[in-house]
Amino acid sequence: MVTSAMDIEKLEILGTTHNGNSNTRIEKPKKTKNWLLVIINCAIVFVGAIGSPLLMRLYYLHGGSHIWLSSFIASAGFPILIIPLMFLFIRSRSSADKISSSFWMEHKLFLWGAILGVLYGLVTFMYALGLSYIPVSTSSLLMATQLCFIAFFSWLIVKQKFTAFIINAVVVMTLGSVLLGINTDGDRPVGVSKAQYLLGFVLTLSAAALAGLIMPLIELAFSKAIRNLSYSSLLQFQFVLSVFSATVCVIGMLANKDFQAIPREANDFGLGKANYYIIMVATAITWQLSGVGTMGVIFYASALFNGILSSVLIPLTGVAAVMFYHESFTSLKGMALALCLWGLCSYFYGEYKMMNKVMNNESTKRLDKVENEPKRLDDYEEP
């Protein structure tokens, strides 16, 4: 099982005695945390998680209306991964250590990526359709419940500990989402009916639940790998996931005849034809950056930590939507935000308590092992 970001990395010390000689072997965990890479991937997620919904909302505000197209854009940026993959491939071929420079990912990971890519295609469709009916700030707050689903599925799939503090976070963040559902008249975009608003609410919440399932499944897939995973394996996994997700969306676009409608939509776009295509490309890149960062955070930390990071970025996305699009921030929405932050603080405090408990337990175990370890002959004083 892949440990969470807050867990203390454990070292198992085994002592053996043979003919008066003591051999001590330190067994390291399969996965160690590289905090520099964690920070880098967190920064990538920061750019993608805030930029992508704002750009997608810009598409809808100025005449965009094709849901399958916007869903496709969420996965269509995978060609940009070819550049870093080529660099890593060339470096692996020039490495003297052929074992550690193994480049291609395992077939099992390819299968995982394909299956999860199909599920992610459904997530992007539900999210895009929901975002067409509700404001960015409301959508972002609904997606904050993803942490609750990630916590539950992490407990169910990768045996993440489910403490009382996580339960408290689930309850208060779910209550915050219910408050958003009550406010169906105060912040509905112009031209959106009450039924459409409620549909957007349900679809976005469903997308959060399915995304909450996918994240622990990605962590499980990484933990099932036979070989030690490299960053090239993560990029390949993201590439495969995006290809299959985009394929699902392409099928939907073909059925809906979106490809024929793209030139007409570009000509009628409120910001102009050139800006239409620029927004499409920029949105695809930011979504792909978010995906790459997510893979890195899950691998170097955990799915649950990725959910925490996403929840931290939720208020920033809402504030950005208010700043750039002048969306209303009602009192009920403020209460929902406060409840989400309360749940987040509850989770962090629970992890802090658990971290201290683990540290104390590990210190006690190490002291007991040292005290009970057989002494060497030369440790005894000569009479």
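Cut-offs and rules
- Residues numbered from 1 in each chain as written.
- Predicted model: local features only at pLDDT ≥ 70, side-chain atom pairs only at ≥ 80, totals over all residues.
- Heavy atoms only, no water.
- Helix = DSSP H or I, 4+ residues; strand = E, 2+ residues; numbered from the N terminus.
- Buried < 20%, exposed > 50% of the residue type's maximum accessible area, 1.4 Å probe, protein only.
- Areas by Shrake-Rupley, 256 points an atom, 1.4 Å probe, with all protein chains shown as cover.
- Core = buried A, V, L, I, M, F, W, Y, C linked by side-chain atoms within 4.5 Å.
- Contact = heavy atoms within 4.5 Å.
- Axes fitted to C-alpha atoms, helices over the stretch in contact; angles between N-to-C directions.
- Parallel < 35°, antiparallel > 145°, perpendicular 65-115°, else oblique.
- Left-handed = near helix turned anticlockwise from the far one by under 90°.

## Description of the overall build of the protein chain
(1) Moving on: Per the secondary structure count, the protein chain includes 13 helices and two strands.
(2) Moving on: Residues classed as buried in the protein chain amount to 50% of the 383 residues present.
(3) Moving on: Accessible surface for the protein chain amounts to roughly 19300 Å². Of this, 67% is attributable to carbon and sulfur atoms.

## Notes on the nonpolar core
(1) Moving on: One finds Leu69, Leu109, Ile218, Phe222, Phe237 and Tyr276 to be the most contacted residues of the largest nonpolar core, which totals 94 residues.
(2) Moving on: Among residues more than four places away in sequence, those in contact with Ile218 are Leu116, Phe237, Leu241, Met295 and Ile298.
(3) Moving on: By size, the runner-up hydrophobic cluster in this structure holds six residues, among which are Leu81, Leu88, Phe103 and Leu235.

## Describing the packing of helix H4 (residues 107–131) against helix H9 (residues 231–256)
(1) Moving on: Relative to each other, H4 and H9 sit at 45 degrees, their axes nearing to 7 Å. Classed by the angle they form, the pair H4 and H9 counts as oblique. In this structure, the crossing between H4 and H9 has a hand that is right-handed. On H9, the residues touching Leu109, Phe110, Trp112, Gly113, Ala114, Leu116, Gly117, Val118, Tyr120, Gly121 and Thr124 of H4 are Phe237, Val240, Leu241, Phe244, Ser245, Val248 and Cys249.

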